[in-house]
Amino acid sequence: MEIRDATINDIEELTSLIEQLGYPTTIENMKTRFSNIESSPDYRTILASYEGKVVGMIGMIKEYYYEMDGFYVRIVALVVDSHYRSKGIGKKLLEGAESWARRIGATGIGLNSGNRPERVQAHRFYKNMGYVEKSIGFAKNLI
């Protein structure tokens, strides 16, 4: 297994993974999004390859606290191809995110995960990795 930074050359694989995460998109749309993400030093996208095939990704952003000094890393996307789950790939991606967070001086790391039946296994995985349930998220569409 190889863990590495994503590049624009990985756009087809990123598109497929984001679709598996439940967000249908096109290669062109993903290319635009990734170009914006890649241009910001506060974002990082890591890929996992297994037997030469990109099978997972994690996207992160450095964010600042309002309530205290310092900053943290928020995981904004994490997905492993459904055919490659339970092989330690998600664990390696989370470890990569945590390593980056420590390296840049973050004091914490967090993520949100949908409260849907199909996410129960993911929630169990996060708990097994040492993450704790802390909050409820809310969202509103402005379009």
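Preceding this paragraph is the structure being described.
What comes next concerns the included structure. (Residues numbered from 1 in each chain as written. Predicted model: local features only at pLDDT ≥ 70, side-chain atom pairs only at ≥ 80, totals over all residues. Heavy atoms only, no water.)

Quick look at unusual backbone geometry now. One non-glycine residue, E51, lies in the positive phi region at around 55 degrees. With respect to the helices and strands, the residue E51 is situated in the loop between β2 (43-50) and β3 (53-64). Judged by relative accessible area, which is 69%, E51 ranks as exposed. Positive phi, close to 65 degrees, is recorded for S86, a residue that is not glycine. Considering the arrangement of structural elements, one finds S86 in the loop between β4 (71-80) and α3 (89-103). (Helix = DSSP H or I, 4+ residues; strand = E, 2+ residues; numbered from the N terminus. Buried < 20%, exposed > 50% of the residue type's maximum accessible area, 1.4 Å probe, protein only.)

Right, let's get into the sheet that holds β2. Taken in spatial order, the 5 strands line up as β1-β2-β3-β4-β5 in an open sheet, and their pairing is mixed. Every other strand in the sheet has two partners, leaving β1 (2-5) and β5 (109-111) as the edge strands with one partner each. The average undirected angle you get between the axes of adjacent strands in this sheet is 30 degrees. Bridging between β3 and β4 involves 9 bridges; their strand directions are antiparallel. Each bridged residue has a counterpart across the sheet, and for K62 the counterpart in β4 is V73. Sheet strands touched by α3: β1, β2, β3, β4 and β5. Its angle to β4, the strand with the most contacts, is close to 160 degrees. (Pairing = 2+ DSSP bridges. Axes fitted to C-alpha atoms, helices over the stretch in contact; angles between N-to-C directions. Contact = heavy atoms within 4.5 Å.)

Taken by themselves, the reported measurements are silent on function.
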